[in-house]
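These are the residues of each chain, in order.
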Amino acid sequence: MAELEKIYRRNDNFVFRRIEGETVLVPIRDNVGDLDCIYSLNTVGALVWEHLDGSQDLDAIKNRITAEYDIADDKAETDLLSFINEMKTIAAVEAVRR
């Protein structure tokens, strides 16, 4: 399956917050935020995170990026896949089986 056809969902053990113009992800362990591992997202990362709902594939999210920002299709794809790989590394997202 091509990577853009895959569907991911957010790990419920991460909290997404906008605080004073910053967008952050905080992993939750035992109902407490792990403040040693706060991840800051840029505006594109925040847009992607909000759409990782387990219902849309990465191609649909890439199309949202190109519609929202003045960015070439191939650059949006590269950046999106890089972001997903980073999120997989910290276990913030998981693939959804179809």
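Just so you know, these numbers come straight off a predicted model, no measurement behind them.

(A) Geometry of the side chain of Lys62. Turning to its location among the elements, Lys62 is positioned in helix H2 (residues 58-68). Within the structure, Lys62 has its side chain in polar contact with the side chain of Asp73 (distance 2.9 Å). Discounting residues that sit within four places of it in the chain, Lys62 has contacts with Leu4, Asp73, Ala76, Glu77 and Leu80.

(B) Just H2, in detail. By the burial criterion, the buried members of H2 are Leu58, Ile61, Lys62 and Ile65. What you see down the axis of H2 is that its buried residues fit within an arc of 105°, all on one side. Residues of H2 that are buried in the fold lie against strand S1 (7-10), helix H1 (43-51), strand S6 (53-57) and helix H3 (73-89). A side-chain oxygen of the first residue of H2 lies 3.2 Å from the backbone nitrogen of Asp59; this N-cap is Asp57.

(C) Seen up close, the sheet that holds strand S7 (residues 93-95). Strands sit in the order S6-S1-S7 across an open sheet of three strands; the sheet is antiparallel. The outermost strands of the open sheet, each flanked by one partner alone, are S6 and S7. The average angle at which neighbouring strand axes cross in this sheet is 30°, direction not considered. Across two bridges, the pairing between S1 and S6 is antiparallel. For Ile7, the partnering residue across the bridge sits in S6 and is Asp57. Packing against the sheet, H1 makes contact with S1, S6 and S7, and its axis sits at approximately 95° to S1. Across the sheet, H2 lies against S1 and S6, angled at about 80° from S6, the strand it touches most.

(D) Spotlight on H1. Looking at H1, one finds that the buried residues are Gly45, Ala46, Leu47, Val48, Trp49 and His51. Capping the start of H1, Asn42 holds a side-chain oxygen 3.1 Å from the backbone nitrogen of Val44, two or three residues further along.

(E) Structural view of the nonpolar core. With 21 residues, the main nonpolar core has Trp49, Leu52, Leu58 and Leu80 as its most contacted residues. Those elements giving two or more residues to this core turn out to be strand S2 (14-19), H1, H2 and H3. No other element matches the five residues that H3 contributes to this core. What Leu52 contacts, discounting residues up to four positions off in sequence, is Tyr8, Arg9, Arg10, Leu58, Ile61, Phe83, Ile84 and Val93.

Conventions we followed
Here the residue numbering is sequential within each chain, running from 1 through the sequence in written order. For a predicted model such as this one, the threshold for reporting local features is a pLDDT of at least 70, and the threshold for listing and counting side-chain atom pairs is 80 or more; totals across whole chains, interfaces and linings nevertheless cover every residue. As a convention, hydrogens and water are excluded, and side-chain values are obtained from all of the structure's heavy atoms. Strands are runs of DSSP state E lasting at least 2 residues, helices are runs of H or I lasting at least 4, and numbering of each runs from the N terminus. Whenever two N or O atoms come within 3.5 Å, that pair is a polar contact, provided that in protein one can donate a hydrogen and the other can accept it, and provided that, for residues adjacent in sequence, both atoms are side-chain atoms. Residue contacts are defined here by distance: any two heavy atoms, one from each residue, within 4.5 Å place the two residues in contact. Only protein chains enter the accessibility calculation, which uses a 1.4 Å probe; a residue whose area is less than 20% of its type maximum is buried, one above 50% is exposed, and one in between is partly exposed. The arc refers to the directions leading from the helix axis to the C-beta atoms. Only strands that DSSP links by at least two bridges are regarded as paired with each other. Note on method: axes are straight lines fitted to C-alpha atoms, helices fitted across the in-contact stretch only, with angles between N-to-C directions ranging 0 to 180 degrees. Put simply, buried Ala, Val, Leu, Ile, Met, Phe, Trp, Tyr and Cys residues joined by side-chain atoms within 4.5 Å make one nonpolar core.

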